[in-house]
Number of protein chains: 2
Amino acid sequence: MDKHEDVLKLLIEALQANLTPTEVKKDTYEIPVGVSNRHIHLSQEDVNRLFGEGYQMTKLKDLLQPGQYACKETVTICGPKGAIEKVRILGPVRSKTQVEILEGDGFKLGRGTQTRMSGDLQGTPGITLIGPKGSVQINEGLIVAQRHIHMGPEDAKHFGVHDGQIVSIEINGPRGGILNNVAIRANDASILECHIDIEEANAMGVNSSTKIKLIK
Amino acid sequence: MDKHEDVLKLLIEALQANLTPTEVKKDTYEIPVGVSNRHIHLSQEDVNRLFGEGYQMTKLKDLLQPGQYACKETVTICGPKGAIEKVRILGPVRSKTQVEILEGDGFKLGRGTQTRMSGDLQGTPGITLIGPKGSVQINEGLIVAQRHIHMGPEDAKHFGVHDGQIVSIEINGPRGGILNNVAIRANDASILECHIDIEEANAMGVNSSTKIKLIK
């Protein structure tokens, strides 16, 4: 449906019911969905090894979460059973390199997968990255991202949840259902957005008209 | 857990509670999961075009459902945006050719997908198949398989469901949840088995220890 029509309808309803815009917003508090493909966060040290000393990544486009962006650069990742080419790098650089793959990629690479939150890398498998100027073998940092919802403090207050809480999400549509074990990531720097990966989105038939409902 | 241990435990419980084996079975009525990759059912007419007049497929291995088997032969499928090689053919031949792909394959091929039950092909997209002796362009028959549960009459009685009924399934584990819109396919020729595709299995973290619970 047209976004402008939605807003107009909302405003009319607000005037009719004599509600404040804030109250209206709460009634239609929708959670946008961001669908992730496999991607990599690199440390500057590993950027240097893969792309050359002091190399700076080229921003391709901003992501919804403030300060996060997709880079023009990609690398190949390689495990004992196979390689996956053109894996997108996301910026900015982080303290530790982290490779987020799909569950199905684990079979191609020949690596068992662990579903983890971003940054929780202890004991996860390693993998080899190949760039234009060199390769890097990381001993840990290969994960399947745990589904999660980014939100700001006001959103957390609205939903009555806190950072780190585990909730479920209900997804509508003909391939809909409920996904458990969705982590809340609430902090000042975040915009409301539910992150799932391509396999989760495909399995649940997620498209631009999909609605996400938080279940505690 | 060891299957033998399970059976032994069950028998001991049955003796202790003085139950008949049938009643015991009902208490632990587990639904096995079969995970499907993309595959093709061919008509004999299309077998002739792709592999040569009167060609007979070579059985590679039997599937759990009686009379169904995977063939040694594969073909390439091709849409306006790309091709997918080595798509497995399942036997025996059917009255109409049907190509079952993953949701993600639709993007590669450049074809919108429709989630349908096997055989319900009216109005679905077409696709081109390329074999060693020729190619076939079907005008409809490209589907994403709707998740479903095969079962015999006794299973249907146990679960209190009928052929064609729509249920949900609950999947345990760290990536678990509930999948809606699961069709019951109950008939004399079927063995109890829940069919989901690779993307659904990956999204829900399904493995050999996963338990499926039917929800009405």
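Before any of the text, the structure's been laid out above.
Calculation criteria
- Residues numbered from 1 in each chain as written.
- Chains lettered and ligands numbered in written order.
- Predicted model: local features only at pLDDT ≥ 70, side-chain atom pairs only at ≥ 80, totals over all residues.
- Heavy atoms only, no water.
- Helix = DSSP H or I, 4+ residues; strand = E, 2+ residues; numbered from the N terminus.
- Contact = heavy atoms within 4.5 Å.
- Areas by Shrake-Rupley, 256 points an atom, 1.4 Å probe, with all protein chains shown as cover.
- Buried < 20%, exposed > 50% of the residue type's maximum accessible area, 1.4 Å probe, protein only.
- Pairing = 2+ DSSP bridges.
- Salt bridge = Lys/Arg side-chain N within 4 Å of Asp/Glu carboxyl O.
- Polar contact = N/O pair within 3.5 Å; in protein donor to acceptor, adjacent residues only side chain to side chain.
- Nonpolar A, V, L, I, M, F, W, Y, C, P; charged D, E, K, R; others polar.
- Phe/Tyr/Trp six-rings, centres within 6.5 Å; stacked < 30°, edge-to-face > 60°.
- Lys NZ or Arg CZ within 6 Å of the ring centre and 35° of its normal.
- Least-squares fit on C-alpha atoms with pLDDT ≥ 70 in both.

*Asks:* Explain the overall build of chain A to me, please; I cannot follow it from the model alone.
*Replies:* Looking only at helices and strands, chain A has six helices and 15 strands in total. Long-range pairs, those at least 24 residues apart, make up 65% of the contacts in chain A with a sequence separation of at least 6. Of the accessible surface of chain A, which amounts to about 11,500 Å², a share of 51% is contributed by carbon and sulfur atoms.

*Asks:* I keep staring at the pairing of strand β14 (residues 193-197) of chain B and nothing clicks. Help me out?
*Replies:* For a regular strand, the rule is simple: side chains alternate between the two faces of the sheet. All names here are of chain B. The element β14 is largely enclosed, with a buried count of five among its five residues. Burial along β14 is two-sided: the face carrying E193, H195 and D197 and the face carrying C194 and I196 are both buried. Relative to β14, strand β1 (residues 33-36) runs parallel, the two sharing four bridges. Bridge pairing in β14 places G34 opposite H195. Here strand β11 (residues 148-151) runs beside β14; their pairing, made up of three bridges, is antiparallel. Directly across from H150, in β14, lies its bridge partner E193.

*Asks:* I tried to follow the interface of chain A and chain B on my own but got confused; where do I start?
*Replies:* One frequent convention defines the size of an interface as the accessible area lost when the parts assemble. Contacts between the two partners involve 21 residues from chain A and, on the opposite side, 21 residues from chain B. We note a salt bridge from R175(B) to E200(A), for which the minimum N-O separation is 3.2 Å. Viewed at the interface, chain B and chain A are joined by 17 residue pairs in polar contact (both at pLDDT 80 or more). The set of elements that each furnish at least two residues to the side of chain A that touches chain B consists of α4 (103-109), β10 (142-145), β13 (177-186) and α6 (198-203) of chain A. If you tally residues by element for the side of chain A that touches chain B, the top one is β13(A), at five residues. Looking at the side of chain A that touches chain B residue by residue, the class counts come to eight nonpolar, seven polar and six charged.

*Asks:* For this particular structure, what's the right way to read the environment of V35(B)?
*Replies:* All names here are of chain B. Relative to the assigned elements, V35 resides in strand β1. For V35, a relative accessible area of 43% gives the class partly exposed. Remark: the alpha-carbon pair of V35 and N202, spanning 167 residues in sequence, is separated by 9.7 Å. Once you skip the residues sitting within four places of it in the chain, V35 turns out to touch I196, D197, I198 and A201.

*Asks:* How do you make sense of the packing of aromatic side chains when you look at a structure like this?
*Replies:* Two measures describe an aromatic ring pair: the distance that separates the ring centres and the angle between the ring planes. Under the definition given, this model contains four aromatic pairs over all chains. Aromatic side chains Y29(A) and F159(A) sit 5.1 Å apart centroid to centroid with 70° between the ring planes, which places their arrangement in the edge-to-face category. Separated by 130 residues along the polypeptide, Y29(A) in the loop between α2 (21-27) and β1 (33-36) and F159(A) in helix α5 (residues 153-159) bring together distant segments of the chain. This pair shows no difference in class: Y29(A) is buried, exactly as F159(A) is. Taken together, a centroid distance of 5.2 Å and an interplanar angle of 20° make the contact between F51(B) and Y55(B) stacked. According to the relative accessible area criterion, F51(B) is buried, its value standing at 6%. Just above the ring of Y69(A) sits the side chain of K59(A); from NZ or CZ to the centre is 5.1 Å.

*Asks:* Help me understand the relation of the copies chain A and chain B, please; the structure alone is not making it clear to me.
*Replies:* What connects the two chain copies is a rotation about an axis and a shift along it. Overlaying chain A on chain B yields an RMSD of 0.0 Å, the required transformation being a rotation through 180° with an accompanying axial translation of 0.0 Å. Here the symmetry operator amounts to a two-fold rotation axis. In this assembly, 100% of the residues forming the interface of chain A have copies in chain B that are likewise at the interface, indicating an isologous arrangement.

*Asks:* Can you walk me through the side chain of T97(A) in this structure?
*Replies:* Residue and element names in this part refer to chain A. Position of T97 relative to the elements: it lies in the loop between β5 (83-91) and β6 (98-100). For T97, a relative accessible area of 3% gives the class buried. At 3.0 Å, the side chain of T97 and the backbone nitrogen of S43 are in polar contact. Polar side-chain contacts of T97 include one of 2.6 Å to the side chain of D46.

*Asks:* Just to check I follow, could you spell out helix α3 (residues 44-51) of chain A for this structure?
*Replies:* All names here are of chain A. Here α3 has its buried residues at D46, V47, N48, L50 and F51. Of the surrounding elements, those touching the buried residues of α3 are β4 (69-78), β5, β8 (127-130) and β9 (135-138). The positive-phi residue at the C-terminal boundary of α3 is G52, with phi of around 110°.

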